[in-house]
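# Residue-level structural notes
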Amino acid sequence: MNLLFPLGPPADSAQRDLRIMEIAIREAEAAYGRDEVPIGAVIVRDNRLLARAGNQVEQLKDATAHAEILALTQAFAAVGEKRLPDVELFCTVEPCLMCAGALLHARVKRVVFATTDPKFGGVHSLTRTFELPGLNHHIQAEHGPLGDEAAELMRQFFRQKRLQAKNE
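Just so it is clear, the structure is predicted and the values come from calculations on it, not from any experiment.

### Details of the packing of helix α3 (residues 67-79) against helix α4 (residues 97-106)
Packing of α3 against α4 brings their axes to within 9 Å, and their N-to-C directions diverge by 20 degrees. The pairing of α3 with α4 is recorded here as roughly parallel in orientation. Relative to α4, α3 is oriented so that their crossing is left-handed. Here E68, I69, L72 and F76 of α3 lie close against α4, whose contacting residues are M98, C99, A102, L103 and A106. The class makeup of the residues in the contact of α3 with α4 is eight nonpolar, no polar and one charged.

Shown next, in the form of structure tokens:
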């Protein structure tokens, strides 16, 4: 496990969240470079980085290879547990319904997302999965920093895809 803040955590939680989201943005940029939808996810426990991933749907030919799912798998392996009740997941785009369900099953404590997803967002936009009645676990979810940067990455990616389709 990598220590995120070797000299101690930042003075305030907003600065801490920003520094962690910067790592998620780098994962999204790497996904973009692989011609994947540019979404990145980072999982932390205390001040330790447990996992980080970008989308790999195209590379793995697997519709479930979302950044959040891949990061969860890494985090489970890192801690040797099937639940992650004291971790936080930072992602560049609001988790979809599938990822929101996986986060609930993993018992994640907190989810911070940079930008919303009006078409597939399962936390805030399309539905509010974490607020469904009858759930036995509740996840704290919130908008985090770098929303403009994450949204711009998505716009650039899909603009490029539309141009490629038009030129084919």
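### Overview of the nonpolar core
One finds I43, L103, V108, V111 and F130 to be the most contacted residues of the largest nonpolar core, which totals 29 residues. Within the residue set of this core, elements represented by two or more residues are β2 (40-45), β3 (48-54), α3, β4 (87-93), α4 and β5 (110-115). With six residues, α3 is the single largest residue contributor to this core. If we skip the residues at most four places from it in the chain, F130 touches A100, L103, L104, V111, V123, L135, H138, I139 and A141. Judged by nonpolar contacts, the second largest core, of 13 residues, contains I20, M21, I23 and V42.

### Overview of helix α5 (residues 147-167)
If you check α5, its first and last C-alpha atoms are 30 Å apart, about what 21 residues at 1.5 Å a residue would give, namely 30 Å. For α5, the complete set of buried residues consists of G147, A150, A151, L153, M154 and F157. Here the buried residues of α5 occupy an arc of 155 degrees about the axis, which is enough to place them on one side. Seen from the open side of α5, the exposed residues pointing more than 90 degrees away from its buried face are D148, K166 and N167.

### Digging into the environment of G122
Among the secondary structure elements, G122 is positioned in the loop between β5 and β6 (140-143). Take G122: its relative accessible area is 0%, and that puts it in the buried class. Considering only alpha carbons, one finds G122 and A100, 22 residues apart in sequence, at a separation of 6.0 Å. Sequence-distant contacts of G122, that is, excluding residues within four places in its chain, are made with E94, P95, C96, L97, A100, T127, R128 and T129.

### Thoughts on the pattern of salt bridges
Taken as a whole and judged by the stated rule, the model has eleven salt bridges. Measuring nitrogen to oxygen at the nearest pair gives 2.7 Å for the salt bridge that ties E142 to R110. Separated by 32 residues along the polypeptide, E142 in strand β6 and R110 in strand β5 bring together distant segments of the chain. On the accessibility criterion, E142 (24% relative accessible area) is partly exposed. Each of R16, D17, E88, R110 and E142 takes part in salt bridges that share partners, so that together they form one network.

What counts, and at which threshold
- Residues numbered from 1 in each chain as written.
- Predicted model: local features only at pLDDT ≥ 70, side-chain atom pairs only at ≥ 80, totals over all residues.
- Heavy atoms only, no water.
- Axes fitted to C-alpha atoms, helices over the stretch in contact; angles between N-to-C directions.
- Helix = DSSP H or I, 4+ residues; strand = E, 2+ residues; numbered from the N terminus.
- Parallel < 35°, antiparallel > 145°, perpendicular 65-115°, else oblique.
- Left-handed = near helix turned anticlockwise from the far one by under 90°.
- Contact = heavy atoms within 4.5 Å.
- Nonpolar A, V, L, I, M, F, W, Y, C, P; charged D, E, K, R; others polar.
- Core = buried A, V, L, I, M, F, W, Y, C linked by side-chain atoms within 4.5 Å.
- Buried < 20%, exposed > 50% of the residue type's maximum accessible area, 1.4 Å probe, protein only.
- Expected span 1.5 Å × (residues − 1).
- Arc of directions from axis to C-beta.
- Salt bridge = Lys/Arg side-chain N within 4 Å of Asp/Glu carboxyl O.

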